[in-house]
Amino acid sequence: MKKFFTLSILLLTLTAAFAGPPKNQYVRIHTVYGDCILRLYNETPLHRDNFIKLTKKGFYNGTLFHRVIQNFMIQGGDPDSKDPVKAKPGAELGNGEVGYTIPAEFRDSLFHKRGVLAAARYPSPV
């Protein structure tokens, strides 16, 4: 019995030691129109970790989807959209900032298709 217990502990330890990280992480966005599940790729770790960090801090809570183009895209996450003075009807949104930027993480294996979550970026300097 003692050998069985020792062997079981050894197998569990080896399994944990050699198990890879999860392929993807998931985040649930709750809106008045329903919930949306987002898959965050491990191939873009800086953006994945930043999104999770901001989500845990509540950064996106109460932000608006301020740009909606039918059959193309929606844009949200501008912190200014939570400010009742800056978010009046007709106001231009989309220029609010977090205070830092994340380096680009382009991957040939990942491409934009319907339903993909992407980070906005500044134009490259000329």
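The structure displayed is predicted, hence computed values, not measured ones.

### A short note on the nonpolar core
Membership of the largest hydrophobic core is limited to five residues, which are Val27, Leu38, Leu40, Phe51 and Ile52. Secondary-structure elements contributing two or more residues to this core are β2 (34-41) and α2 (45-56). In contact with Val27, not counting residues within four places along its chain, are Cys36, Ile37, Leu38, Leu40, Phe51 and Thr55.

### Comments concerning the side chain of Asn50
By the secondary structure assignment, Asn50 is in helix α2. On the basis of relative accessibility, which here comes to 15%, the residue Asn50 falls in the buried class. Not counting chain neighbours up to four residues away, the residues in contact with Asn50 comprise Tyr100 and Ile102.

### Things to note about the packing of aromatic side chains
Under the definition given, this model contains two aromatic pairs. Between Phe59 and Tyr60, the aromatic rings sit 5.1 Å apart at their centres with planes inclined by 90°, giving edge-to-face as the arrangement. The exposure class assigned to Phe59 is buried, which follows from its relative accessible area of 17%. The structure contains a cluster of three or more aromatic residues connected by ring pairs, namely Phe51, Phe59 and Tyr60. When the ring centre of Phe59 is taken as origin, the NZ or CZ atom of Lys82, which lies over that ring, is 5.5 Å away.

### Details of the side chain of Thr63
Its place among the elements puts Thr63 in the loop between α2 and β3 (65-69). For Thr63, the side chain forms a polar contact with the main-chain oxygen of Tyr60, separated by 2.8 Å. If we skip the residues at most four places from it in the chain, Thr63 touches Gly77, Asp78, Pro79, Ser81 and Lys82.

Rules behind the numbers
- Throughout, a residue's number is its position along its own chain's written sequence, starting from 1.
- Since the coordinates come from a predicted model, pLDDT governs what is reported: local features require at least 70, and pairs of side-chain atoms require 80 or more to be given and counted, while whole-chain, interface and lining totals use all residues.
- Excluding hydrogens and water, the side-chain figures rest on all heavy atoms present in the structure.
- Among the buried residues, those of types Ala, Val, Leu, Ile, Met, Phe, Trp, Tyr and Cys that are joined through side-chain atoms within 4.5 Å form a nonpolar core.
- When accessible area is computed with a 1.4 Å probe and restricted to protein chains, residues below 20% of their type maximum are described as buried, those above 50% as exposed, and intermediate ones as partly exposed.
- Helical segments are the DSSP runs of H or I of at least four residues, strand segments are the runs of E of at least two, and each set is numbered from the N terminus.
- Working rule for contacts: check all heavy atoms of both residues, and any pair within 4.5 Å makes them a contact.
- Think of it this way: a Phe, Tyr or Trp ring, Trp meaning its six-membered ring, pairs with another when their centres are within 6.5 Å, and the plane angle makes it stacked under 30 degrees, edge-to-face over 60, tilted otherwise.
- Charge-over-ring placement is defined geometrically: NZ (Lys) or CZ (Arg) within 6 Å of the ring centre, and within 35 degrees of the ring normal.
- Side-chain atoms alone can form a polar contact between residues adjacent in sequence; in general such a contact is a pair of N or O atoms within 3.5 Å, and within protein one must be able to donate a hydrogen while the other accepts it.

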